[in-house]
Amino acid sequence: MTDRDPIADLRRIAFLLERANEATYRVRAFRSAAAALAALPAAELAERARSGRLTEMAGVGDVTARCVAESLAGEEPVYLRRLVATEGTDLDAAATALREALRGDCHTHSDWSDGGSPIEEMALAAVELGHEYVVLTDHSPRLKVARGLTADRLRRQLDHVAAVNEALPEGFRILTGIEVDILADGSLDQEEELLARLDVVVGSVHSGLNDERARMTRRMLAAIANPHLDILGHCTGRMVSSRPAGVRGPGDRAHRPRTRAESDFDADAVFAACAEHDVAVEINSRPERQDPPKRLIRRALEAGCRFAIDTDAHAPGQLDWQRFGCERAALCGVPADRVVNTWPAERLVAWARG
Ligand SMILES: [Zn+2]
Ligand SMILES: [Zn+2]
């Protein structure tokens, strides 16, 4: 027996989602599940939860069924707990505080790959934004459409960055890095020796985004277990809208769809691995990505993951997009101390090397 009412919990979740201005379809999922389950006698509800048959009912999905099971076990559903954690807070103020806590950006591109501006230009814009560092993460060789850097070009880039750093104002640094492709087998698309030399390694899936669930999960788990990986970039690969006008970016080809569904993977396994291997989950600020979706940010938070709130900027002005990621993080109750780019450069680099 339990003194929690699962129906009331579902309705409370719906209310809090509406308050947070979440998508209508998500709110409706909780409201229709509450309505469907309210029609059941309590004994049948408990029996269906016990035997895992809640999802056989129309209107009840995996997420709502999990909430009901947790509620029947006498626990506050994890989903509800996360929403309640942000309930009394001023989300605007929380997003602002998070943005102010950020000292740098761990995912940016230059015209060495598919960005629109030279490294110097990106760095100066970052200085003007008040950043202490920016990690330069141009693409890896396999991403040919984005002019991914071969090992030789990356070596040249490292020399170039060292020279540019000499000329930049004291207190600001370009950190070296890469957005390395996570290949089909989960290996990383760059020479081991180079990955070891870089300050920060962001790894992203850019190909085979429709891999079936088990395959995609294996692929991501292999990458996360790689000791060189520091940050898991835009983990679902979704595109929620077309890229803003005039903005170039990876995958921006006429034949590409304007929106793209999330890749399918076992998020609990992936986030558990990120927590275990201390790989930060990127909150990608790009308006057309908004990746991961908030429900996954909440799950990563539950799993104990760290985060990096990054712009994935392909042009200087886009370096100011961190606010979008901060708003989403604040909605999910991500505390600043879980965000690696609130750290000074030395700590970030030491963490990435560790
Ligand atoms: Zn990417
Ligand atoms: Zn990128």
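For the structure, see preceding data.
Owing to the predicted nature of the structure, the values given are computational and were not obtained by experimental measurement.

A. Inspection of the packing of aromatic side chains at higher detail. Enumeration over the complete set of coordinates arrives at 3 aromatic pairs. Taking 6.3 Å as the distance between ring centres and 40° as the angle between the ring planes, the aromatic pair formed by Trp 321 and Phe 324 counts as tilted. Overall, the relative accessible area of 15% leaves Trp 321 in the buried class. For Phe 324, a relative accessible area of 34% puts it in the partly exposed group. An angle of 80° between the planes, with centres 5.7 Å apart, marks the rings of Trp 343 and Trp 351 as edge-to-face. Across this residue pair, the class does not change: Trp 343 and Trp 351 are buried.

B. Fine view of the coordination of the zinc ion (ligand 2). Ligation of the zinc ion (ligand 2) by protein atoms is provided by His 107 (NE2), His 109 (NE2), Glu 179 (OE) and Asp 312 (OD), these donors lying 2.1 to 2.2 Å from the ion. Coordination geometry of the zinc ion (ligand 2): the 4 donor atoms subtend angles of 82 to 171° at the metal centre, consistent with an arrangement described as irregular. Within one chain, the residues serving as donors to the zinc ion (ligand 2) are arranged as H-x1-H-x69-E-x132-D.

C. Just the coordination of the zinc ion (ligand 1), in detail. Taken together, Glu 179 (OE), His 206 (NE2) and His 234 (NE2) make up the protein donors of the zinc ion (ligand 1), found 2.1 to 2.2 Å from the metal. A separation of 3.5 Å is found between the zinc ion (ligand 1) and the zinc ion (ligand 2), which are bridged by Glu 179. Of this pair, Glu 179 sits in strand β3 (residues 173–181) while His 234 sits in the loop between β5 (231–232) and α11 (267–277); the two residues are 55 residues apart in sequence, bridging distant segments of the chain. Accessibility classification places Glu 179 together with His 234 in one group, the buried group.

D. A look at empty space enclosed by the protein. One pass over the full model with this rule turns up 2 cavities of 30 Å³ or more. Space inside the largest cavity adds up to approximately 50 Å³. Taken together, Leu 16, Arg 19, Ala 20, Leu 83, Thr 86, Glu 87, Leu 91, Arg 298 and Leu 331 make up the lining of the largest cavity. In terms of residue class, the lining of the largest cavity is built from 5 nonpolar, 1 polar and 3 charged.

E. Representation of the sheet that holds strand β1 (residues 104–108) in the model. If you trace the 7 strands from one edge of the open sheet to the other, you get β1-β2-β3-β4-β5-β6-β7, paired in parallel fashion. Strands at the two margins of the open sheet, each flanked by one partner only, are β1 and β7 (307–310). One ladder, built from 4 bridges, connects strand β2 (residues 133–136) with β3; its direction is parallel. Paired with Tyr 133 across the two strands is Arg 173, which belongs to β3.

F. Just the layout of surface pockets, in detail. The computed volume of the largest pocket comes to approximately 470 Å³. Asp 62, Val 63, Arg 295, Leu 296 and Arg 299 are the residues nearest the centre of the largest pocket, which is lined by 23 residues in total. Elements supplying a minimum of two residues to the lining of the largest pocket: α2 (24–38), α4 (62–72), α11 and α12 (294–302). For the lining of the largest pocket, the two domains that each supply at least three residues are domain 1 (6–85) and domain 2 (93–353).

G. Up close: unusual backbone geometry. Across the junction of Asp 291 and Pro 292, the peptide omega takes the value 0°, indicating a cis bond. Relative to the helices and strands, Pro 292 is located in the loop between β6 (280–284) and α12. A positive phi angle, near 55°, is found at Asp 278, a position not held by glycine. With respect to the element layout, Asp 278 can be found in the loop between α11 and β6. Assessed through its relative accessible area of 29%, Asp 278 is described here as partly exposed. Its identity is not glycine, yet Gln 290 carries a phi of approximately 45°, on the positive side. Along the polypeptide, Gln 290 turns up in the loop between β6 and α12. Judged by relative accessible area, Gln 290 falls into the partly exposed class, the value being 30%.

H. Here's a closer look at the pairing of strand β4 (residues 200–204). Counting buried positions along β4 yields 5 of 5 residues, so the element is predominantly enclosed. Where burial is concerned, the two faces of β4 agree: the one with Val 200, Val 202 and Ser 204 and the one with Val 201 and Gly 203 are both buried. With helix α9 (residues 192–197) bridging β3 and the parallel β4, this β-α-β connection has right-handed handedness.

Cut-offs applied
- Residues numbered from 1 in each chain as written.
- Chains lettered and ligands numbered in written order.
- Predicted model: local features only at pLDDT ≥ 70, side-chain atom pairs only at ≥ 80, totals over all residues.
- Heavy atoms only, no water.
- Phe/Tyr/Trp six-rings, centres within 6.5 Å; stacked < 30°, edge-to-face > 60°.
- Buried < 20%, exposed > 50% of the residue type's maximum accessible area, 1.4 Å probe, protein only.
- Donors = N, O, S within 2.8 Å, 3.2 Å for Na, K, Ca; no water.
- Tetrahedral: all angles 85-135°; square planar, octahedral: opposite > 155°, others 65-115°.
- Helix = DSSP H or I, 4+ residues; strand = E, 2+ residues; numbered from the N terminus.
- 1 Å grid on protein atoms, 1.4 Å probe; cavity = no way out; pocket = protein on both sides within 12 Å on 5 of 7 lines; lining within 4 Å.
- Points joined across faces, edges and corners; volume = space filled by probe spheres on them.
- Nonpolar A, V, L, I, M, F, W, Y, C, P; charged D, E, K, R; others polar.
- Pairing = 2+ DSSP bridges.
- Domains from an automatic or database assignment.
- Right-handed = clockwise from strand over helix to strand, strands pointing away.

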